[in-house]
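So the chains spell out like this:
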Amino acid sequence: MKKNILLFLLFFIHYLSNAQKPINNENSYEAKMKRTEWHRDARFGMFIHFGLYAIPARGEWVRHDEKTSNEIYDEAYFKNFNPYLFDAKEWARTAKLAGMKYVVLTAKHHEGFSLWDSKLTDYKITNTPFKRDIIKEYVEALRAENIKVGLYFSLIDWHHPDFPKYNDTHHPMRGNEKYKDEKINWDNYITFMHGQVKELCSNYGKIDIMWFDFSYGEMKSEKWKAKEMVQMVRTLQPSIILNNRLGGDGTTGMEENSLGDFDTPEQTIPEKAVTDNQGRPLPWESCLTLNNSWGYNRYDNNWKSPELVIHTLVNCVSKNGNLLLNVGPDATGKIPQKSIEVLSEVGDWMKKNGKSIYGCGSSTMPRYDWGLFTSNGKSLFAHRIYPSIGGIVLKGYVDKIKRVALLHDGTEIRTESSWWGDSSGKNLYINVNRPSYQTFPMPDKIDTVFEIELK
Ligand code: GLC
């Protein structure tokens, strides 16, 4: 009897300590999964790179590339910044029409220019000929369209006097003798940087994502006083989610108990679902440019096709990931026409096939010559992408499904058994070549989706 009581007590203590974990530890796996639930459902977002660099139109690293001094940069761009065609509502509508559920805008990029009315610097939009606070207009426009609000914030600041220059690997003044013996006050920079993040988290209502960029070499985590900063951010914005680029103790910023909620592969799609060292799926989001540049680049016409964007999005979702697709508005504030064209075609496909993207993730199905599967637990979605011979075969599924239909128009698709290659008789066979269904050639040249409802 005594032994039973003891066992019960032990079990109870174990239960209590486990039950409390997610509440106590904001960086536990469980807490991160809970916070990122909406983000993992949303799957598709828009990245916007906008700043003074829209004027030179050679990308947001132009200062780095051309080693431009503050004086020259400011004279040419700060004094002339006037995106008079900027319309936050139009940006929000463009995202909405593309089927994007959230947007992340560069509140401040490495150049150090603030797109909001910061009280901590003069280097801000309200001191340019444009005068308006873009962040304010942006958050209001997104909320009106029911789109989640994300802000990108550069940890790096090439304009601030207390940011290292001579020995820094990226600074426009790297290796410049003028700055060799310069004394900087790092604490001053950190106070300023934290202060700016605090402004963004205090003055614009609910912020859904804070997207920090980036850590390198020694410039990571403790150098940024990241723990204190995140504590402040989470106090002001309890349900905010953070990317992993504050840098953790390891290399990914996604280690157990690290500060990042989601991983951020850049210009690449992971080979398979991203997991932690226990094999648990981790939230991730690939960020991708539509041409080859983040900031507006007048000379870069290497645009990705709508096909490639859709296939990439499906690929991400099939591996439990998101796609954050970038646009770089020009110096007048307009999203480039070519980007709008691609996004609107993507949007047409999303309108009909969004059910196979939102709230979906990986399935247990392998990848096939013809394409791949996404799943939301209730249905499997076969994405028939590549021209291919033969039907869709689901091994052992004959008794497990309710029905099959084309997702874009709801047409029923009858299933049959294949006389070839199925000695078990248990395989579900979708004969995509049946003339009566007109599924060959595929009705959607980009990606024809078959919804397979499960029992
Ligand atoms: C890199 C670049 C930056 C861009 C970002 C997007 O970190 O420094 O210009 O904003 O990638 O992920």
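None of these values were measured; they are calculated from a predicted model.

Calculation rules
Residues numbered from 1 in each chain as written. Predicted model: local features only at pLDDT ≥ 70, side-chain atom pairs only at ≥ 80, totals over all residues. Heavy atoms only, no water. Near = heavy atom within 4 Å. Polar contact = N/O pair within 3.5 Å; in protein donor to acceptor, adjacent residues only side chain to side chain. Areas by Shrake-Rupley, 256 points an atom, 1.4 Å probe, with all protein chains shown as cover. Nonpolar A, V, L, I, M, F, W, Y, C, P; charged D, E, K, R; others polar. Disulfide = S-S within 2.5 Å. Buried < 20%, exposed > 50% of the residue type's maximum accessible area, 1.4 Å probe, protein only. Domains from an automatic or database assignment. Contact = heavy atoms within 4.5 Å. Buried area = accessible area lost by both parts, 1.4 Å probe. Helix = DSSP H or I, 4+ residues; strand = E, 2+ residues; numbered from the N terminus. Pairing = 2+ DSSP bridges. Right-handed = clockwise from strand over helix to strand, strands pointing away. Axes fitted to C-alpha atoms, helices over the stretch in contact; angles between N-to-C directions. Parallel < 35°, antiparallel > 145°, perpendicular 65-115°, else oblique. Left-handed = near helix turned anticlockwise from the far one by under 90°.

Here's the deal with the site of the ligand
Contacts to the ligand come from 14 residues, most closely from H49, E60, H109, H110 and E266. W61 is positioned such that a nitrogen or oxygen atom in its side chain is 2.9 Å from an oxygen atom of the ligand. One of the side-chain N or O atoms of Y152 is found 3.4 Å from an oxygen atom in the ligand. Considered on its own, the ligand offers 310 Å² of accessible surface; in the complex 94% of this is hidden by protein. Grouping the amino acids of the shell around the ligand by side-chain chemistry returns seven nonpolar, three polar and four charged.

What about the state of the cysteines?
Applying the stated criterion across every chain, the model contains zero disulfides. There is no disulfide at C287, and the cysteine sulfur nearest it, in C316, is 10 Å away. Cysteine C360 is unpaired, with the sulfur of C316 as its nearest cysteine sulfur at 14 Å. Under the relative-accessibility criterion, C360 is labelled buried at 3%.

Describing the domain arrangement of the chain
One frequent convention defines the size of an interface as the accessible area lost when the parts assemble. Split into domains, the chain comes out as domain 1 (29-356) and domain 2 (371-454). Inter-centroid distance (C-alpha atoms) of domain 1 to domain 2 is 39 Å. The interface is formed by 13 residues belonging to domain 1 together with 14 residues belonging to domain 2. Between domain 1 and domain 2, roughly 1200 Å² of surface is buried when both sides are summed, and carbon and sulfur atoms account for 65% of that area.

A word on the pairing of strand 3 (residues 148-154)
Within strand 3, six of the seven residues are buried, which leaves the element mostly enclosed by the surrounding structure. Both strand 2 (residues 102-108) and strand 3 contribute to a ladder of six bridges, which runs parallel. What sits directly across from T106, in strand 3, is Y152. Taken together, strand 2, helix 7 (residues 134-144) and strand 3 constitute a β-α-β crossover, and its handedness is right-handed. Across five bridges, the pairing between strand 3 and strand 4 (residues 209-213) is parallel. Residue pairing for strand 4: L151 is matched across the bridge by M210. In terms of handedness, the path from strand 3 via helix 8 (residues 186-202) over to strand 4 forms a crossover that is right-handed.

Structural notes on the sheet that holds strand 13 (residues 448-454)
On the basis of which strands lie adjacent, the open sheet formed by four strands has the order 8-9-13-11 and antiparallel pairing. Looking along the sheet, the strands with just one partner apiece sit at the ends: strand 8 (371-375) and strand 11 (401-406). Pairs of neighbouring strands in the sheet enclose a mean axial angle of 20°, with direction left out of account. One ladder, built from six bridges, connects strand 9 (residues 379-384) with strand 13; its direction is antiparallel. Looking across to strand 13, one finds that L380 is bridged to I452. Taken strand by strand, helix 10 (residues 306-318) contacts strand 8 and strand 9, and its axis lies near 55° from that of strand 8.

Topic: the pairing of strand 9
Summarising burial for strand 9: six of the six residues are buried, a large majority. Residues S379, F381 and H383 point to one face of strand 9 and L380, A382 and R384 to the other, with burial holding for every one of them. Two elements, strand 8 and strand 9, share five bridges in a ladder whose sense is antiparallel. Among the inter-strand pairings, F373 is bridged to a residue of strand 9, identified as A382. Counting the residues in the hairpin turn of strand 8 and strand 9 gives three residues, including G377, whose phi is positive at 90°.

Some details on the packing of helix 6 (residues 88-98) against helix 7
In contact at an axis separation of 8 Å, helix 6 and helix 7 are set at 40° when each is read in the N-to-C sense. When the axes of helix 6 and helix 7 are compared, the pair comes out oblique. Handedness of the helix 6/helix 7 crossing: right-handed. For the pair helix 6 and helix 7, contact is made by A88, K89 and A92 and by E137, Y138, A141 and L142, respectively. When its residues are assigned to classes, the contact of helix 6 with helix 7 shows five nonpolar, no polar and two charged.

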